[in-house]
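# Residue-level structure breakdown
The primary structure of each chain is shown beneath.
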Amino acid sequence: MWPMCLCGSNKMKEIQQLIEISQFYGRDSRFVIAGGGNTSYKNAEKLWVKASGSSLATITEDGFAVLDRAKLNLMSDKVYSANAAEREEQVKNDLADATITKGKRPSVETSMHNVIDFAFVVHMHSTLVNGLMCANNAESDLKNLFGEKALYIEYTDPGYVLFKKVEDAIKAYRATNNEEPQVIWLQNHGIFVAANSIEEVKVIYTEVLEKLSEGVTPSHPLTIFDEPRATCSCTEQILPGIRMMLSKDGLKTLKVRKNALIKHFYDTEEAQAKIAKPFTPDAIVYCKSNYIFLNDEQPEAVLAEAAKQIPAFTAKFGYQPKVILIKGIGLVAVGDNAAQCDIILDVFEDAMKIAFYAESFGGPHPMTQEQIDFIDNWEVENYRRSVAAGASKGRAENKTIIVTGAAQGFGEGIARCLLLEGANIVVADMNEVVGKATVEQFNTLAKSNRAVFVKTNVSEIPSIENLVHETICNFGAIDCFISNAGVLRAGGLDDMTPEDFEFVTKINYNAYFYCTKVVSKVMKLQTKYAGFDYYADIIQINSKSGLRGSKANFAYAGGKFGGIGLTQSFALELAPFRIKVNSICPGNFYDGPLWSDPEYGLFVQYLNAGKVPGAKTIEDVKEFYLSQVPMKKGCSPEDVTKGALYLMEQCGETGQALPITGGQVMLS
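Scope of this entry: the structure provided in the associated data block. This structure is a prediction, so every number in the text was calculated from the model and none was measured. (Residues numbered from 1 in each chain as written. Predicted model: local features only at pLDDT ≥ 70, side-chain atom pairs only at ≥ 80, totals over all residues. Heavy atoms only, no water.)

Turning our attention to the overall build of the chain. Along its length, the chain carries 25 helices and 18 strands. Classification of the 668 residues of the chain by burial places 57% in the buried group. Of the contacts made within the chain by residues no fewer than 6 positions apart, 73% connect residues no fewer than 24 positions apart. Here the chain has roughly 27700 Å² of accessible surface; of this, 52% comes from carbon and sulfur atoms. Put simply, the chain has 67 plus and 80 minus side-chain charges, and the middle of one group is 4 Å from the middle of the other. (Helix = DSSP H or I, 4+ residues; strand = E, 2+ residues; numbered from the N terminus. Buried < 20%, exposed > 50% of the residue type's maximum accessible area, 1.4 Å probe, protein only. Contact = heavy atoms within 4.5 Å. Areas by Shrake-Rupley, 256 points an atom, 1.4 Å probe, with all protein chains shown as cover. Lys, Arg positive; Asp, Glu negative; His and termini not counted. Charge placed at Lys NZ, Arg CZ, Asp CG, Glu CD.)

Take the sheet that holds strand β9 (residues 292-294) next. One open sheet accounts for 4 strands, arranged β8-β11-β10-β9; its pairing is mixed. The open sheet is flanked by β8 (253-257) and β9, the only strands paired with a single partner. Each strand of the sheet is rotated relative to its neighbour by a mean of 20°, with strand direction disregarded. As defined by bridge partners, β8 adjoins strand β11 (residues 330-335) across 5 bridges and the pair is classed as antiparallel. Paired with Thr253 across the bridge in β11 is Gly335. On the sheet, helix α13 (residues 299-317) packs against β9 and β10 (323-326) and is oriented at approximately 165° with respect to β9. (Pairing = 2+ DSSP bridges. Axes fitted to C-alpha atoms, helices over the stretch in contact; angles between N-to-C directions.)

Taken in spatial order, the 7 strands make up an open sheet running β3-β2-β1-β4-β7-β6-β5, and their pairing is mixed. The sheet terminates laterally at β3 (64-68) and β5 (151-153), the two strands that pair on one side only. The mean angle between the axes of side-by-side strands here comes to 20°, regardless of whether they run parallel or antiparallel. In this sheet, strand β6 (residues 183-186) lies alongside β5 in parallel orientation, the contact comprising 3 bridges. The residue bridging Ile153 from the neighbouring strand is Leu186, located in β6. Taken strand by strand, helix α2 (residues 69-77) contacts β1 (38-42), β2 (46-50) and β3, and its axis lies near 75° from that of β3.

Taken as a whole and judged by the stated rule, the model has 26 salt bridges. Residue Lys71 is joined to Asp97 by a salt bridge in which the shortest nitrogen-to-oxygen separation is 3.8 Å. Here Lys71, found in helix α2, pairs with Asp97, found in helix α3 (residues 84-98); they are 26 residues apart in sequence, far enough to count as distant. A relative accessible area of 36% places Lys71 in the partly exposed class. Between Lys92 and Glu89 there is a salt bridge whose closest N-O contact spans 3.5 Å. A residue pair is termed a helical-turn pair when its members lie 3 or 4 positions apart in one helix, as Lys92 and Glu89 do in helix α3 at 3 residues. Among the charged side chains, a salt-bridge network with shared partners connects Lys252, Lys322 and Asp336. (Salt bridge = Lys/Arg side-chain N within 4 Å of Asp/Glu carboxyl O.)

Turning our attention to the packing of helix α23 (residues 602-609) against helix α24 (residues 618-626). Relative to each other, α23 and α24 sit at 100°, their axes nearing to 9 Å. Considered as vectors, α23 and α24 are oriented roughly perpendicular to each other. Note on element contacts: α24 touches α23 through Ile618, Val621, Lys622 and Tyr625, opposite Phe603, Val604, Tyr606 and Leu607. The class makeup of the residues in the contact of α23 with α24 is 7 nonpolar, no polar and 1 charged. (Parallel < 35°, antiparallel > 145°, perpendicular 65-115°, else oblique. Nonpolar A, V, L, I, M, F, W, Y, C, P; charged D, E, K, R; others polar.)

These results come straight from atomic positions and should not be treated as a statement about function.
The following block contains the structure:
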């Protein structure tokens, strides 16, 4: 007896349970990768099923499509077109007609959820399950482990045909066993578990994983997946070049992952052959069905081979590779954005795990080319691709930008503005606690782009080299480097100590040289393999004090004057490599900690140093500076970001010092 439909403003208890179990499995990577799988609850009149595009890990009631079961039941007996494309279109339309919550696209497996005669159905693509379901001995080993009554469905193209095959198998199972099947195993696809309570669903899944774990032979320990491996320092000698080979028609993002499992597969061509074709439809949706393996180990040889393979691959298959496995480097995802890279890495690493587990069950059994072609051209999966691709078009879309000193203050503001323009942001700063908090906040604002934090001391070249390495591993390139980190120690000739002078100079002047020296190597590699319309950028956040002297502030002004000299000299040297080098000279950012910090801010320092004649209070100092600005306003991070975007977008200027001072400093 199905539960009666409950009406009213309160959620049904069963819907709360559906949300609970969906999130329970959706947050567990053993069961769900890239949001795959679906869940449902039904009573006599209605069925709630995960809507396409919803994530099980965070799903709420709004993430479920609600359908009329009376209309769904009619689909079981309806005769559809023999033409596959027409049939799937007809089925899609009938599902839409049965959907009560218009605008929400129900899972393509909705009809299967409807015919399984239990209230709760949880369909997962568990890695361990697919280690068996994607193996050569799937059916026989399934029977050995779970008994002859285990319901096994041979691979069938998803959609209506699979639904009918499952429905017929359920009817046959009922007739033979006089009971309802609670577990349905699908070759190269996953598993359905059904029960009238979520507690029973959990018990069944636990038993399934325990028995499968027992079936994995001792020579294939599960712990191999958890052994991390450091990424090679030669990564930055390879990935930026490959990224530009793939970015002729728009910037791509690359991300590398390396662990013991990945090393197992990149070590030998024999191992690579076992992951050369996809095992499941999800793998095709997110990673496509063909991949590149690069087996040279010297950077020059890897780049030369990539330069041959990438255009040949694109010409042969009609699309660029999503997955590149590089010996010694690791698994590389090629995404239209950073969020897509994370999905590609998770999905393909899952395929590696499946291949690894499958060795215990007769070896890997990938999908056939005919099966692959159906998924590749299926409208449903193309819809899922479009949802996964994300949408974010800003002025810095898909550029990777490092901003030093970006944990707080002016740098944080610039980085945040560029993030909102679609850039991937690397926050480089000494303050690890604040920097990580800043990045966490940035990623709540991001769309398909991402931000990462790298602890960095810009006065030490090894630290900058690590910054570059981590940036390349996360995003594959450095399109713009913004040298913003700076310090200030105010004081006249009588007050300034040699130690303070050297400290200010080392951070504001020397560090700009160190950063440019390291980052320009990567940028030269990028422009070497890029189209002629690609330019990389180095932008120094200078100061109005770099354009004219500053009383009782010579250490800061001297370093900034010198910085413009470096900018002009670097620009001349790097112009042949299509690397633009410019400075931005902001006015005063009164709201940031540099000025407003109650202990160390410039207002306090300038007051104490007597820099402003007659000033008695901080307000006197502030008013003094505002009176010198024709626009009567301080400079903001938003103002500076507009300048940075201008410098990145134009390609006819380099070696410039762009003032953004509200007219306080006017160039002649």
